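Results of the structural survey
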Amino acid sequence: MITEYQQRLRERYLAAPVMPAPTPWQPVLDRGIPIGGLLGIGFAVHPDTGHDLVMVVSSDGHGLFDAVTGDKIARDRDPDPATSTPDAHPDLTCPGLGPLAGTPVRIAGLFGGGLHSTTPDGWTLDIVSPEWPHDRVILSTDGGVHKGPPGGTWWHVFHSEYSELRAAGFSPSGRTLAVATSSDLALWTRPEHHIKG
């Protein structure tokens, strides 16, 4: 049985339209990056540029993307079957590729694990499911309270109504927000000078 409070909360999320993330967050690409059979994602840092990188594990292999530009910087269509999915390792890692070769990357998604749900300067990310299995991703500055109308201190930034949500969260630096579904990857980024220490 659902309580009156739970019903009001459900109605609040159902009524909230998908809206752009607030400043200083900017979408990396106008549309998500299509990735069929996406299983999970993980973050790392480019050893030369310092940019956040997103490693994608899918049924078609591994890919590595620059989270600032959305550019694909490495691809392995035929990874070693022994390490091609993170469940082969107790830490849910897969071997890095491209500039991350030799570095294990933790992967969150279908096999478990998770990404950061907060940033050092107070942004929070929550996944709510008022119409399960269609998850909604909520970005907020109020610690996940989500009071008041959407667009004030919380924003409904993604609705996975067409594919299954795999993972959503921030990079360890707090500069990148990623949402991965079974069919695509959406990224938002913000300049480092907008991060309060």
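This text goes with the structure placed above it.
Residues numbered from 1 in each chain as written. Predicted model: local features only at pLDDT ≥ 70, side-chain atom pairs only at ≥ 80, totals over all residues. Heavy atoms only, no water.

Glancing now at the environment of M55. By secondary structure assignment, the location of M55 is in strand β4 (residues 52-58). Since its relative accessible area comes to 1%, M55 is described here as buried. Expressed as a C-alpha distance, the spacing of M55 and V28, which sit 27 residues apart in the sequence, is 15 Å. For M55, the contacting residues outside a window of four places in its chain are G40, I41, G42, H62, G63, L64, C94, P95, G96, L97, V105 and I107. (Helix = DSSP H or I, 4+ residues; strand = E, 2+ residues; numbered from the N terminus. Buried < 20%, exposed > 50% of the residue type's maximum accessible area, 1.4 Å probe, protein only. Contact = heavy atoms within 4.5 Å.)

Note on pairing: side chains with opposite charge can pair once their charged atoms come close. Under the defined criterion, the tally for this structure stands at five salt bridges. Note that E164 is salt-bridged to R166, the shortest N-O span being 2.6 Å. (Salt bridge = Lys/Arg side-chain N within 4 Å of Asp/Glu carboxyl O.)

This next bit is on the layout of surface pockets. Using a probe with the size of a water molecule, rolled over the atoms, empty space left in the structure can be pinpointed. Space inside the largest pocket adds up to approximately 400 Å³. Together, 22 residues line the largest pocket, and D30, V157, F158, A186 and W188 are the ones closest to its centre. Those elements that provide at least two residues to the lining of the largest pocket are β12 (154-160) and β15 (184-189). Take the lining of the largest pocket: its biggest share by element is five residues, from β15. Looking at the lining of the largest pocket residue by residue, the classes come out as 16 nonpolar, two polar and four charged. Estimated volume of the second largest pocket: approximately 170 Å³. Around the second largest pocket, the lining comprises 13 residues; the ones closest to its centre are R106, I107, A108, G114 and L115. Among the residues forming the lining of the second largest pocket, the class breakdown is eight nonpolar, three polar and two charged. (1 Å grid on protein atoms, 1.4 Å probe; cavity = no way out; pocket = protein on both sides within 12 Å on 5 of 7 lines; lining within 4 Å. Points joined across faces, edges and corners; volume = space filled by probe spheres on them. Nonpolar A, V, L, I, M, F, W, Y, C, P; charged D, E, K, R; others polar.)

The next thing to look at is the sheet that holds strand β11 (residues 134-140). Strand order across the open sheet formed by three strands is β10-β11-β12, with antiparallel pairing between neighbours. Each edge of the sheet is formed by a strand with only one pairing partner; in this case those strands are β10 (124-131) and β12. Taking each pair of neighbouring strands and ignoring which way they run, the sheet shows an average axis angle of 30 degrees. Strand direction decides the pairing type here: β11 and β12, joined by six bridges, are antiparallel. Paired with V137 across the bridge in β12 is F158. (Pairing = 2+ DSSP bridges. Axes fitted to C-alpha atoms, helices over the stretch in contact; angles between N-to-C directions.)

Taken together, the five strands give an open sheet; going across it, the order is β6-β5-β4-β3-β9, and neighbouring strands pair in antiparallel fashion. Looking at which strands have only one partner, the edges of the open sheet turn out to be β6 (72-76) and β9 (108-109). Pairing of strand β3 (residues 38-45) with β9, which is carried by two bridges, proceeds in the antiparallel orientation. Each residue of the ladder has a partner; that of G40, found in β9, is G109.

Under the criterion given, the structure shown has four aromatic pairs. Ring geometry for Y13 versus W154: centroids 5.9 Å apart, planes at 85 degrees, classification edge-to-face. Taken together, the positions of Y13 in helix α1 (residues 4-15) and W154 in strand β12 put the pair 141 residues apart, joining distant regions of the chain. The exposure classification of Y13 matches that of W154, with both residues buried. (Phe/Tyr/Trp six-rings, centres within 6.5 Å; stacked < 30°, edge-to-face > 60°.)

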